[in-house]
Amino acid sequence: MSDKYLTTPRRPQFEGEHLPGNRVWHGTHVHYLSDAELPGYRVRIRDGLLYGPDGALFDTRDAYTHWSGRGRAIFVMHGDGALYSAPEHRVGEFHHSSLGQGRPVAGAGELEAREGRLLAITDHSSHYCPPRRFTEQVLAELAEGGVDLRWVTQEFRY
């Protein structure tokens, strides 16, 4: 089965980061989610709102990212259009590549949401540095799910 969206690989300088004793993180290693763990990070879109893996309205109020601090969560979109997000970005331990399982992704960055309503999306991901066309794919998937993007702040770095 082919992917719905184009994907971009993890940057080469992070090769081997998930292995104990790697040269990337000096003393720590990044956890790549297994197929069994991945559903625990799935974000679904229904009627224009985002829902977390527990079925509750997705809210990033208590989330934290290395780039933006409190209030945003890291995310990736896999090539099939599935969104995954984590509330805590831990340098050297849990990154976008964790959610992407070390594989290429269709988009990566940060999400800010309150009670299921998307407020902001960024492309801030050092692991993938996604060109704008990849974030535009994520926006297309969100719009397809009914998310009203007119009021969503979009921050592009790459």
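Higher on the page you've got the structure.
## Digging into the packing of aromatic side chains
- Enumeration according to the criterion identifies two aromatic pairs in this entry.
- Centroid distance Tyr41 to Phe94: 5.7 Å. Interplanar angle 25°. Geometry classified as stacked. With Tyr41 in the segment before strand E1 (42-46) and Phe94 in the loop between strand E6 (83-86) and helix H1 (96-99), this pair connects stretches of sequence that are 53 residues apart.
- For Phe94, a relative accessible area of 4% translates into the label buried.
- Across from the ring centre of Tyr51, 4.0 Å away, lies the NZ or CZ of Arg46, which sits over that ring.
- The ring of Phe156 is capped by Arg132, whose NZ or CZ atom sits 3.9 Å from the centre of that ring.

## What about the pairing of strand E7 (residues 107-114)?
- In terms of burial, E7 is a largely internal element, seven of the eight residues being buried.
- As paired elements, strand E5 (residues 73-77) and E7 share five bridges and run antiparallel to each other. Counted as the bridge partner of Ala73 is Leu111 from E7.
- Inspection of the sheet shows E7 paired to strand E8 (residues 117-122) by four bridges, in the antiparallel sense. Looking across to E8, one finds that Ala113 is bridged to Leu118.
- Linking two consecutive strands that pair antiparallel, namely E7 and E8, is a turn of two residues; a positive phi of about 50° is found at Glu115 within it.

## Description of the sheet that holds E8
- On the basis of which strands lie adjacent, the open sheet formed by seven strands has the order E2-E1-E6-E5-E7-E8-E9 and mixed pairing. Edge positions in the sheet fall to strand E2 (49-51) and strand E9 (153-155), since each of these pairs with one other strand and no more. Each strand axis lies, on average, 35° off the axis of its neighbour in the sheet, ignoring direction.
- Alignment of E8 against E9, held across three bridges, turns out to be parallel. Bridge assignment links Thr122 to a residue of E9, and that residue is Glu155.

## Quick look at the environment of Pro130
- You can see Pro130 is positioned in the loop between E8 and helix H2 (132-144).
- Pro130 sits in the buried class, given a relative accessible area of 0%.
- For Pro130, the residues in contact, after removing those within four places along its chain, are Ala108, Asp123, Ser125, Thr135 and Tyr158.

Here is what the cut-offs are and how they apply
- Residues numbered from 1 in each chain as written.
- Predicted model: local features only at pLDDT ≥ 70, side-chain atom pairs only at ≥ 80, totals over all residues.
- Heavy atoms only, no water.
- Phe/Tyr/Trp six-rings, centres within 6.5 Å; stacked < 30°, edge-to-face > 60°.
- Helix = DSSP H or I, 4+ residues; strand = E, 2+ residues; numbered from the N terminus.
- Buried < 20%, exposed > 50% of the residue type's maximum accessible area, 1.4 Å probe, protein only.
- Lys NZ or Arg CZ within 6 Å of the ring centre and 35° of its normal.
- Pairing = 2+ DSSP bridges.
- Axes fitted to C-alpha atoms, helices over the stretch in contact; angles between N-to-C directions.
- Contact = heavy atoms within 4.5 Å.

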